[in-house]
Amino acid sequence: MTRRWMAAAVVLMMAGMNGAQAQDYPARPVTMIIPFAAGGPADITGRIVADIFSRYLGQQFVVENVGGAGGTIGALRAARAAPDGYTILSGHMGTNALAAAFYPDLGYDVQKDFEPIGLTAEYPELLVVRKDFPANTLGEFVTYAKANAGKLNVGHAGVGSVSYIGCLLLDAAIGIKPTMVPFTGTAPVLNAMLSGEIDYECDPVLGTLAQVRAGSVKALAIAASKRSPMLPDVPTSHEQGLGEFDCAPFYAVFVPKGTPKPIIDKLAEALNKGLGEDAVQKRLADLGAELVEPDRRGPKALADLVRSEAARLMPILKAATEK
Ligand code: MLT
């Protein structure tokens, strides 16, 4: 056999193996990397998705929380995993669209190293302050923050996380540079705020919903143009004259580049079916999510969203960072 024939035979054999593997997929438990700490928005959303996959694909999807560096440590691990469908990533707007704005040596390329599976949910962010913070409206917050910026501690889930991005937009709009304190997720940020170590954070609404309702922290603004039905008394940033504070991160599923198409199709179909269930829609709506309508589900819509969000937000983040 000539070299060329041998190479062709190997390619055919691999394709056959991939086809067989894809047909049986998933034949064993799958690891779903969630690149933030347990208990926060990424974790809560990722676990809903893991449950959908487990139910529709008949295998366990086991969550592994890999926090650090704004989610890029977990995302990098997923990007470098074998592209066989057994390691998948529940990422978001930070890890999978905007991280390169903050990390010149990221180690992965959001476009080239991942295949999109589908969008899960979008949530507007909330500006939340500790209970005894001396402001009860966004206007009062701005006045206080301008006078005391040097004393303020902002909690976030690492540079490039969506909690970092939200408060970056807020702080740039106000013109302040407070101390940014990184954590591995916003669940530990919330604990730090409850114990008074952190003054404020910007987190997708589900992260602090229960504590806002219980009155153990105060929500001063929702970073959107319309109020959240889950917190109808919290005014929007737009209503309060600070429309630049507008941030509704997406959460979505990705697999390493090179994952066989039949596996991508199986995952996308399962996610699509799960997101169509009444119980899943109710759960997500109760968390304050914007539901993903059928025309926005699946790999193509997510690929478009990653591209359009990167194009829209990169210049805004660059300008905010330079302010
Ligand atoms: C979390 O789950 O901790 C947050 O969604 C992470 C983030 O702020 O990006």
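Refer to the structure presented above.
This text gives an overview of the structure that appears in the document. Please read all numbers here as calculations on a predicted model, not as lab measurements.

Conventions adopted
Residues numbered from 1 in each chain as written. Predicted model: local features only at pLDDT ≥ 70, side-chain atom pairs only at ≥ 80, totals over all residues. Heavy atoms only, no water. Helix = DSSP H or I, 4+ residues; strand = E, 2+ residues; numbered from the N terminus. Rg over C-alpha atoms; globule rule 2.2 N^0.38 Å. Buried < 20%, exposed > 50% of the residue type's maximum accessible area, 1.4 Å probe, protein only. Contact = heavy atoms within 4.5 Å. Expected span 1.5 Å × (residues − 1). Near = heavy atom within 4 Å. Polar contact = N/O pair within 3.5 Å; in protein donor to acceptor, adjacent residues only side chain to side chain. Areas by Shrake-Rupley, 256 points an atom, 1.4 Å probe, with all protein chains shown as cover. Nonpolar A, V, L, I, M, F, W, Y, C, P; charged D, E, K, R; others polar.

### Some details on the overall build of the chain
What the chain contains, in helices and strands, is 11 helices and 10 strands. For 323 residues, the compact-globule estimate of 2.2 N^0.38 gives 20 Å, and the chain sits close to it at 21 Å. Counting only C-alpha atoms and orienting by the principal axes, one finds that the chain spans roughly 80 × 40 × 35 Å. A total of 323 residues make up the chain; the buried ones form 54% of that total. Sequence-distant contacts in the chain: of pairs separated by 6 or more residues, those separated by 24 or more amount to 78%.

### Notes on helix H2 (residues 41-57)
With 17 residues, H2 ought to run about 24 Å at 1.5 Å a step, and its terminal C-alpha atoms sit 24 Å apart, in line with that. In terms of residue burial, H2 counts as a mostly covered element, since 12 of its 17 residues are buried. At the C-terminal side of H2, Gly58 shows a positive phi close to 65°.

### Focus on the environment of Thr208
When you line up the elements, Thr208 lands in the loop between strand E8 (200-204) and helix H8 (209-214). Remark: the alpha-carbon pair of Thr208 and Lys218, spanning 10 residues in sequence, is separated by 9.4 Å. Aside from chain neighbours lying at most four places away, what touches Thr208 is Leu126, Val128, Leu190 and Glu201.

### Here's the deal with the site of the ligand
Around the ligand, the surrounding shell consists of Phe36, Gly40, Pro41, Ala42, His92, Ala157, Ser161, Val162, Ser163, Gly185, Thr186 and Tyr251. At 3.2 Å from an oxygen atom of the ligand is found a main-chain nitrogen or oxygen belonging to Pro41. Ser163 places a side-chain nitrogen or oxygen 2.6 Å from an oxygen atom of the ligand. Look at the ligand: alone it shows 270 Å² of surface, and the protein chains cover 100% of it. Only H2 and helix H6 (162-174) provide two or more residues apiece to the shell around the ligand. Of the residues in the shell around the ligand, the class split is 6 nonpolar, 6 polar and no charged.

### So, the side chain of Thr120
Within the fold, Thr120 resides in strand E4 (residues 114-122). A relative accessible area of 1% means that Thr120 is categorised as buried. Apart from residues lying up to four places away in sequence, Thr120 is in contact with Thr45, Val49, Tyr251, Ala252, Val253, Leu275, Leu284 and Val292.

Bear in mind that shape data such as this cannot, by itself, settle questions of function.
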